[in-house]
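Each chain, written out:
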Amino acid sequence: MFTGIVTDVGEIASLKPVAQGQLHRMRIACRYDQSTIADGASIACNGVCLTVVASGTDGGKNWFDVDAAAETLSMTTARQWVTGTRLNLERALKIGDELGGHIVAGHADGIATIEKRDDLPDMARFELRTTRELARFIASKGSVTLDGVSLTVNTVQDVAFSVLIIPHTLNVTTLGAWGAGSEVNLEVDLMARYAARLSEMK
């Protein structure tokens, strides 16, 4: 489990398709203490929970390796990642950690497309669009996770919604580089999904 509070921005140092392209082995450079990265640990990469299969240090830079499987490649922006792609990173939540965002599973539900960016005084406003299936879980003042960042929904209209990003978030995540046409990983609020399921069962 995660909180949607980014703790580092990593960069893909290498990417190698294996298993006839059905699996991508990625090496991600990061600032995490290598001695604390255990094999089998979960790290959210742009909102996608991936399992560490190796870690180390090269040229003074720490790194960890992960595998993105076929389902991840088909459902998320991971299929577009290349060497040099910057990723929002978050370590798995530990008991006793501060829950600064909201409960995030790290299981991206799909993709949202940025329709428009407005740069406002001291912040930026993004308008996004997603599928009707996912839009039904998004509500004004509710929570969403976009590329691993916990955000509050500003407005909702049919399959479109907007978010306001404060300067701190723009500076410490990859969101500052977002622009119209960009695709981002979307995870809807877990509570909204359960509420919808309960409603369906009545």
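If you're wondering where the values come from, they're calculated on a predicted model, not measured in any experiment.

Glancing now at the sheet that holds strand β2 (residues 23-30). Sheet architecture is closed into a barrel: six strands sit in the order β1-β2-β5-β4-β3-β6, paired in antiparallel fashion. Looking at each pair of strands side by side, their axes are set apart by 45 degrees on average, direction ignored. In terms of strand pairing, strand β3 (residues 42-45) meets strand β4 (residues 48-58) through four bridges, oriented antiparallel. Among the inter-strand pairings, S42 is bridged to a residue of β4, identified as T51.

The next thing to look at is the pattern of salt bridges. Counted by the stated rule, this structure contains eleven salt bridges. Among the ionic contacts, a cluster of salt bridges with common partners joins E133, R136 and E200.

With that settled, consider the side chain of D65. Position of D65 relative to the elements: it lies in strand β5 (residues 61-68). For D65, a relative accessible area of 6% translates into the label buried. Ignoring any residue separated from it by four or fewer positions in sequence, one finds D65 in contact with R25, M26, R27, T51, V52, V53 and A54.

What counts and what doesn't
- Residues numbered from 1 in each chain as written.
- Predicted model: local features only at pLDDT ≥ 70, side-chain atom pairs only at ≥ 80, totals over all residues.
- Heavy atoms only, no water.
- Pairing = 2+ DSSP bridges.
- Helix = DSSP H or I, 4+ residues; strand = E, 2+ residues; numbered from the N terminus.
- Axes fitted to C-alpha atoms, helices over the stretch in contact; angles between N-to-C directions.
- Salt bridge = Lys/Arg side-chain N within 4 Å of Asp/Glu carboxyl O.
- Buried < 20%, exposed > 50% of the residue type's maximum accessible area, 1.4 Å probe, protein only.
- Contact = heavy atoms within 4.5 Å.

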